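Notes for the structure review
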Amino acid sequence: MSNFLSSSIGKKVIMSLSGLFLILFLCVHLSVNLLLLFGEEAFNAGCEFMELPFIKVIEPVLALGFIIHIIWASILTIQNQKARPQKYALRNQSKNCTWPSRNMYILGALVLAFLALHICNFWYYFKFSEVSSQYELVSKTLMQPVYAVIYIIAAILLGLHISHGFWSAFQSIGFSNDIWRKRLEYVAYFFAIVFAVGFSILPIYFLIFGK
Amino acid sequence: MADKILKELTLKVWRQKDAKSKGAFETYKIHNISTGTSFLEMLDILNEQLVSENKEPVAFDHDCREGICGTCSLFIDGRAHGPDDDVTTCQLHMRRFEDGATITIEPWRSGAFPVIKDLIVDRQAYEKILQAGGYVSVNTGGVPDGNAIPISNDNAEEAMDAAACIGCGACAATCKNSSAMLFVAAKVSQLALLPQGKIEAARRAKAMVAKMDELGFGNCTNTGACEMECPKSISIQHIARLNREFLKAKLKD
């Protein structure tokens, strides 16, 4: 395993595994978020569950997952940029690959920018100040049209990122062939839609019904 | 039925004196091209025109002109081997272009494929990758009797599909990361699927990937652009197999 991590495929495997781990986190995150639709009590109970010790243990692992995914993505992108010192004058890439697949790093960077805002909005308050009702903080924030729009756009960007990322993760660890590729692509689109719609429902809900 | 005639075409061609010089686009007008002309024949006509004007003809790679040698290249109107799918540049015909069109012609652009002159690039990088392990060095004896070595039809077909690779370089040229993974995958896959090649599969996958990385090709991000531009339509499922072979080999280390 000596130089595995420095090889191109090894680096892709790291991207793949950290990405799949982050998708797992998103599933948990979305499930808790959707409790918002069931009222204040349900969501606050969900937040309390997230305070349990075994979840606390996973938190640094999650942070590490993000950091690894971001650092390796940056290393790979820099290497890929260097691999073609002179660019083409004319390119017609829309004919041979999808837009998200070409722009994973940009999509990822935008999601990261959103993540910074998101942490300032909620996580920071949940963590470092006494919040009487998490539900109230969330609803108050998402009722503001500016935040609602930002959260909806971020959800769509995340969906686009995952529409390529999910199946690509399996391809990178070698789990794909002509049959499974189609299946994985469908599952990727399924996850992309679930995350994009699931995370946008909440700002839309609070925009309409929030008081 | 006579072929249609394209009255005028504007060609934007990359001209570069040698590897060290800085290149630039030159614009040429060319007249009365039959739609039955192949793209390379059109360039031959341009060169005749240039020679008659006492100008240096455009240098481009070509050999068999029937899509099997992998010598021709060219990035035409933003796509490797031009706008048609599943063909090499030599199989591309002028009927794909409209009268009065402007056609942009560039060499493959990749750090690992430096331009030698005009539209010709040095593709020795692919040969170096092959030399690192794209062969069978164990003694496999003479030609075996038919069916003496049982190989499933699926494996035989897949190996044959991978073996269709002509090493033209379109995959790395078109990849946004300039990755050579489809080429390496085709070679690794072709041999790993057959009993004679399986013996050295682990060593081959490691050596060829190491060489590919060393030569400065980029990292695969699974966009799938390579398989779309591959004149032999080699599927990226072979890249998945390469990843598998490489991981298996590394886990054993």
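First, a word on scope: everything that follows refers to the structure included in this document. Model, not experiment: these values are computed from the prediction.

The rules we used
- Residues numbered from 1 in each chain as written.
- Chains lettered and ligands numbered in written order.
- Predicted model: local features only at pLDDT ≥ 70, side-chain atom pairs only at ≥ 80, totals over all residues.
- Heavy atoms only, no water.
- Phe/Tyr/Trp six-rings, centres within 6.5 Å; stacked < 30°, edge-to-face > 60°.
- Helix = DSSP H or I, 4+ residues; strand = E, 2+ residues; numbered from the N terminus.
- Buried < 20%, exposed > 50% of the residue type's maximum accessible area, 1.4 Å probe, protein only.
- Lys NZ or Arg CZ within 6 Å of the ring centre and 35° of its normal.
- Salt bridge = Lys/Arg side-chain N within 4 Å of Asp/Glu carboxyl O.
- Pairing = 2+ DSSP bridges.

Once that is clear, we can look at the packing of aromatic side chains. Applying the stated criterion across every chain yields a total of 27 aromatic pairs over all chains. Judged by centre distance (5.0 Å) and plane angle (35°), the ring pair of F166(A) and F191(A) falls under tilted. Of this pair, F166(A) sits in helix α7 (residues 145–172) while F191(A) sits in helix α8 (residues 178–209), placing them 25 residues apart in sequence. Take F166(A) and F191(A): they sit in the same class, and that class is buried. With a centroid separation of 5.1 Å and an interplanar angle of 80°, the aromatic rings of W14(B) and F25(B) are classed as edge-to-face. With W14(B) in strand β1 (residues 5–15) and F25(B) in strand β2 (residues 24–34), this residue pair connects regions lying 11 residues apart in the sequence. Residue F25(B) is classed as partly exposed on the basis of its relative accessible area, which comes to 25%. Taken together through their ring pairs, the aromatic side chains of F166(A), F170(A), F175(A), W180(A), F190(A), F191(A), F195(A) and F199(A) make up a single cluster. Positioned over the ring face of F25(B) is K12(B), at 5.0 Å from the centre of the ring. R109(B) extends its terminal NZ or CZ atom over the ring of W14(B), reaching a point 4.1 Å from the ring centre.

Let us now look at the pattern of salt bridges. The final tally for this structure, using the stated rule, is 19 salt bridges over all chains. Across the pair D61(B) and R123(B) runs a salt bridge whose closest N-O atoms are separated by 3.1 Å. Of the two residues, D61(B) sits in the loop between α1 (39–52) and β3 (75–76) while R123(B) sits in the loop between β7 (120–121) and α2 (124–131), which places them 62 residues apart along the sequence. In terms of burial, D61(B) and R123(B) fall into one category: buried. Between R203(B) and E200(B) there is a salt bridge; the shortest N-O distance is 3.5 Å. By relative accessible area, which is 37% here, R203(B) ends up partly exposed. Among the ionic contacts, a cluster of salt bridges with common partners joins R181(A), E185(A) and E227(B).

Residues and elements named next belong to chain B. Most of strand β5 (residues 102–106) sits out of view: four of its five residues are buried. Taken together, the four bridges between β1 and β5 define a ladder with parallel strand orientation. Each bridged residue has a counterpart across the sheet, and for T10 the counterpart in β5 is T102. Note: β3 against β5, two bridges, orientation antiparallel. Along β5, the bridge assignment pairs I76 with I105.

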